Every structure is written in structure tokens, then in C-alpha cells.
Amino acid sequence: FNLQLSNLYYIASIMTYGPKHVVGVVKAEKRDGFFGTKGPLFGATWGKVGETVWTYAIGAHAGHSLEFIVALVCYMYFFADGSWQQECKSIKAGWVMRVLAFNLACEVIFVGFWHWLVYVSDFAKGMLPFKFNQENQYEREKDAPVGFITSSSGHLEREVLYTSLGWLQSGLLQCVMMYLWASGLIPYYNSFFEYPLFSVGVLFGITYWREIHFYFCHRGMHPWWDRSLGLKDGDIGAFLYRYVHSLHHKSYNPGPWSGLCMHPVEHLLYYSCTWIVMTFTSHPLHFLYCKFHADIAPIGGHDGYGEPSANGDFHYLHHAKYECNYGVPWPINFDAIFGSWVEWEAFKKTGSLKEAKKLQQEMKNKAE
């Protein structure tokens, strides 16, 4: 049950979805190739060193191609002709509404499509054997069809509402950044290839930064010592969990709309990952990639399915059991460092977090 280097590319590209997952869901079978082929495009294995280098240098970033493509499209639409530098010097309804409309359209397209594919369409039936929790989280009757935005339980409506609030806050953050840049209040540069190594290096760094930021932001909203404590006891995490983060955990059996179903305060903390671009002279594409990474990456990892879908099994376990797997085990597995990492397979065998950790330790000892 140890985290194997051969799984690094898979680990680094989960919490999102791409061509291999779309084909996998349609065919209802695991696909290993990036474009949905049955096998990897470049051979089954390159060895531990080769796969590690590939993952950190190329694979992890390719796994988030969707987020980058959306960021690039957004840049071309709003920034490429340079007119925004004058228009956005003042807050006006016209350009602000265009930005918000673009973001909401992305929500409908990317969250809506994945929900439709894995819960509403005829392909969803073939995915049932791969569902972590067989319970129908949206309908009171197990075999009732799942709707696109409505449900008999009310869970889907809650998730759609708060996810939409998240995309709106994300869009407003984009508006703020455009205003700050256009007004000269924070520095930026226009020509991406004026500093090619720096520009590309920052994009690569954002892929790592997003996962590191997510761990500490997320862990900070869970009890630091005990969930019964509060601010007067110095447990800010318990306070934030009780009044903020617990909303996200109402999706104990998550779906694609669960990823950004958060309290607006949590949205603010979650999207604080984008603030890093204000600490140095950046290109707008750096902000957009970070922002859309935060927007889109949670969709697949919250869909509630194992492979051939995005298979966020470790994060499903967090939603189900709360006190484990606070982050993504890449590029640094902070959960393993701080003792909160639990393998899904170990949990399935034992049925408890405590026993799963014991089993993991036994397997580690045997391997050594």
C-alpha cells in the first residue's frame, strides 16, 4: 500500500480530468494513455528515476492541460489585443460582466459536462461498479435518475449554488487583478516570451505551488487539536471547520459539483493561492493558470469514482472520514509526513482509519 514512484504521474494529474478519463468513462474501462489509448504512449515503464523525472518535468503539467488551455483562451480573449490596459483602468459594468460571463460559462461547460457524463448520461450506468459509495447521494430512491441541476434530496441544488458562488468570486478576483494591473498598482509584463525561461518556469512552479498551498489552506480549516474546541481555546481550525468548512463536508459522498461547494469565506482562502502573483512582476497568464487550476482541478477528483474516471480515492476517503488525507500526495506528501495519510485500499481491507494506518506500517516494515 506504499505510494509507488510508478504511480507518480497518476498521482500528479488527479483532481482533474482529461482525454483518458473521458474515453475511460465512455468505454467503462481503465485507459493508461494520455489520449485514451489502452496503453501508455511511450511504453509501460521508464524505471523509477525516469518516471520521477518525467512526472516532475512534464507529466504533472501535461495532466493539467485543460486548465492551461482555458487560461490561454481567457488570455487571448481578454488580454491579447492590449485594449484592456485602458478599459480596465476604471471599474465599468461592461468589461466586468464579460469577465463574469466567461467564468460562469466555464463553470457550466466543465463542471456541467463532467456531472452529465458520470451521473446523468447513459454512460453513467457503466460507471456504477467503480463508484466508491454506491449510495445515490442526490436522489432519495437508489435507482432514481440523477438530474442535471435538481434533485429530490436538495444536495445537488446546494452544490450548484455554492459552486456558482465560487466561480463568481473567482471571476471577481480576475476583475480585481485586471484593474490593479491596468491602474499600475501592481507590476506585470505583457510579452510572455520577453523572458521565456522565467515565464515558463513560473507556469511550472504554479503546478507545484497549487498543491502545496491547498494542503496548508485545507489543513488549517480542520481542528488543530480537537473539533470540540474553539477560538477561546486557540483552535482556529476547529472554529473554521464548525462555521465554514463543514459546508464542504456536507458532500460526504461527493460528485463533480462538490469540488467548489464551499462557504464564501473558504472560497476566499482557497483562491488565495493566486495572490502569489502579486509578490513579483508576473505575466497575466501566470495568474490565469493558477486561477483556472483552482477552478477546474477539483472537478474530477470529487466525482466519487475510481478509475477509469479521475480516481480521487484518497480525497473521497477524506470526505467520508474527515480526519485523513488533507492534501494531494504530490509534489510533497505532507499527510505522510504528519501522520494523516491513509491509503484507500488499506482502508477497504480494514474498515477503519486506525487499522488502515497499522496495516500500512506493517507493509512498510515488510518492504524494508
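Along each chain, residues carry numbers from 1 onward, in the same order as the chain's sequence is written. The model is predicted, so local features are restricted to residues of pLDDT at least 70 and side-chain atom pairs to those at 80 or more, both for listing and for counting; the totals for chains, interfaces and linings are taken over all residues. Excluding hydrogens and water, the side-chain figures rest on all heavy atoms present in the structure.

Colleague: Honestly, the overall build of the protein in this entry has me stumped. Any pointers?
Modeller: Helical segments are the DSSP runs of H or I of at least four residues, strand segments are the runs of E of at least two, and each set is numbered from the N terminus. Looking only at helices and strands, one finds 17 helices and zero strands in the protein. For the protein, the C-alpha radius of gyration of 21 Å lies close to 21 Å, the compact-globule estimate for 368 residues. Over its C-alpha atoms, taken along the principal directions, the protein stretches across nearly 60 × 50 × 50 Å. Buried residues are those whose accessible area, probed at 1.4 Å on protein chains only, stays under 20% of the maximum for their type, while exposed residues exceed 50% and partly exposed ones sit between those limits. Counting over 368 residues, the protein shows a buried share of 51%. Long-range contacts, defined as pairs at least 24 residues apart, comprise 69% of the intrachain contacts of the protein with a sequence gap of at least 6. Computed with the Shrake-Rupley method and a 1.4 Å probe, the accessible areas treat only the protein chains shown as cover for residues. For the protein, the accessible area works out to roughly 16600 Å², and carbon and sulfur atoms hold 65% of it. In the protein, the 29 positive side-chain charges and the 31 negative ones have mean positions that sit 2 Å from each other. Radius of gyration here is computed from C-alpha atoms only, and the compact-globule reference equals 2.2 Å multiplied by the residue count raised to the power 0.38. The contact criterion used is simple: two residues touch if any of their non-hydrogen atoms lie within 4.5 Å. A residue counts as positive if it is Lys or Arg and as negative if it is Asp or Glu; His and the chain ends are not included. In plain terms, the charge of a residue is placed at NZ if it is Lys, CZ if Arg, CG if Asp and CD if Glu.

Colleague: Hey, could you run me through a nonpolar patch on the surface in this one?
Modeller: Only residues above 30% relative accessible area that lack a salt bridge enter a patch, with like-charged residues linked at up to 9 Å and the nonpolar side chains Val, Leu, Ile, Met, Phe, Trp and Tyr linked at up to 5 Å. The rule for a salt bridge is simple: a side-chain nitrogen of Lys or Arg has to be within 4 Å of a carboxyl oxygen of Asp or Glu. Taken together, Val26, Phe113, Trp116, Val120, Phe123, Phe148 and Ile149 make up a surface patch of nonpolar side chains, about 540 Å² in accessible area. Here the element with the most residues in the nonpolar patch is helix 6 (residues 93-120); it accounts for three residues.

Colleague: How should I be thinking about helix 14 (residues 313-321) in this particular structure?
Modeller: Because each turn of an α-helix spans 3.6 residues, side chains separated by three or four positions in sequence point in the same direction. The buried fraction of helix 14 is high, at seven of nine residues. For helix 14, the full list of buried residues reads Asp313, Phe314, His315, Tyr316, Leu317, His318 and His319.

Colleague: Would you mind showing me how to read the layout of surface pockets here?
Modeller: To find leftover empty space, a probe the size of one water molecule is rolled over the atoms. Method remark: on a 1 Å grid restricted to protein atoms, a set of points is classed as a cavity if a 1.4 Å probe fits but cannot get out and as a pocket if it is open with protein on both sides within 12 Å along at least five of seven lines; lining residues have an atom within 4 Å of a point. Grid points are joined across faces, edges and corners, and a volume is the space filled by probe spheres set on the points. Volume-wise, the second largest pocket comes out at about 400 Å³. Every residue lining the second largest pocket is counted, 19 residues in all, and those nearest its centre are Leu128, Asn136, Lys142, Ala144 and Val146. Counting only elements with at least two residues in the lining of the second largest pocket, the list comes to helix 6 and helix 7 (123-127). Tallying contributions element by element places helix 6 first for the lining of the second largest pocket, with three residues. Considered class by class, the residues forming the lining of the second largest pocket number nine nonpolar, four polar and six charged. Residues are grouped as follows: nonpolar covers Ala, Val, Leu, Ile, Met, Phe, Trp, Tyr, Cys and Pro; charged covers Asp, Glu, Lys and Arg; every other residue, Gly included, is treated as polar.

Colleague: Would you mind showing me how to read the side chain of Gln137 here?
Modeller: Here Gln137 is to be found in the loop between helix 7 and helix 8 (155-182). Every residue in contact with Gln137, bar those within four places of it in the chain, is listed here: Tyr119, Lys131, Ser153, His155, Asn253, Pro254 and Gly255.

Colleague: Can you walk me through the environment of Trp84 in this structure?
Modeller: Residue placement: Trp84 occurs in helix 5 (residues 84-87). A relative accessible area of 1% places Trp84 in the buried class. For Trp84 and Val99, which are 15 residues apart along the polypeptide, the C-alpha to C-alpha distance reads 11 Å. Apart from residues lying up to four places away in sequence, Trp84 is in contact with Phe78, Phe79, Met178, Trp181, Ala182, Tyr188 and Asn190.

Colleague: Would you take a moment to explain the packing of helix 3 (residues 47-62) against helix 9 (residues 196-219) for this structure?
Modeller: The packing of two helices is summarised by the inter-axis angle and the distance between the axes. With axes taken as lines fitted to C-alpha atoms, and helix axes fitted only over the stretch in contact, angles between N-to-C directions fall between 0 and 180 degrees. Two numbers describe how helix 3 lies on helix 9: the axes approach to 10 Å, and their chain directions differ by 75 degrees. The angle between helix 3 and helix 9 falls in the class roughly perpendicular. For the pair helix 3 and helix 9, the contacting residues are Tyr56, Ala57, Ala60 and His61 in the first and Phe204, Thr207 and Tyr208 in the second. Looking at side-chain class alone, the contact of helix 3 with helix 9 contains five nonpolar, two polar and no charged residues. Each angle is binned into one of four classes, with values under 35 degrees roughly parallel, values over 145 roughly antiparallel, values of 65 to 115 roughly perpendicular, and all other values oblique.

Colleague: Explain the nonpolar core to me, please; I cannot follow it from the model alone.
Modeller: Considering soluble globular proteins, one finds that nonpolar side chains tend to be buried as a cluster. The nonpolar core is taken to be a set of buried Ala, Val, Leu, Ile, Met, Phe, Trp, Tyr and Cys residues, with the residues joined through side-chain atoms within 4.5 Å. Within the largest apolar cluster, 59 residues are counted, with the highest numbers of intra-cluster contacts made by Phe79, Phe110, Met178, Leu288 and Phe292. Contributions of two or more residues to this core are made by helix 4 (65-78), helix 6, helix 8, helix 9 and helix 12 (284-296). With near-sequence residues (within four places) excluded, Phe292 lies in contact with Glu67, Val70, Ala71, Cys74, Phe102, Asn103, Cys106, Trp167, Gln174 and Ala297. Listed in part, the eleven residues of the second largest apolar core include Leu317, Cys324, Trp344 and Phe347.

Colleague: Would you mind showing me how to read the packing of aromatic side chains here?
Modeller: The geometry of an aromatic ring pair is captured by two quantities: the separation of the ring centres and the angle between the planes. To pair, rings of Phe, Tyr and Trp, with the six-membered ring standing in for Trp, must have centres within 6.5 Å; the planes then decide the type, stacked if under 30 degrees apart, edge-to-face if over 60, and tilted in the middle. Counted according to the given criterion, the structure contains 39 aromatic pairs. Taking the centre distance of 4.9 Å and the plane angle of 65 degrees together, the rings of Phe216 and Phe334 count as edge-to-face. You can see Phe216 sitting in helix 9 and its partner Phe334 sitting in helix 15 (residues 334-338), a full 118 residues away along the chain. For Phe334, a relative accessible area of 13% puts it in the buried group. Among the aromatic side chains, those forming a connected cluster through ring pairs are Tyr75, Phe79, Trp84, Trp181, Tyr188 and Phe287. Consider the ring centre and the ring normal. A charge sits over the ring if Lys NZ or Arg CZ is within 6 Å of that centre and within 35 degrees of that normal. The ring of Phe292 has Lys291 sitting right over it, with the charged end atom 3.9 Å from the ring centre.

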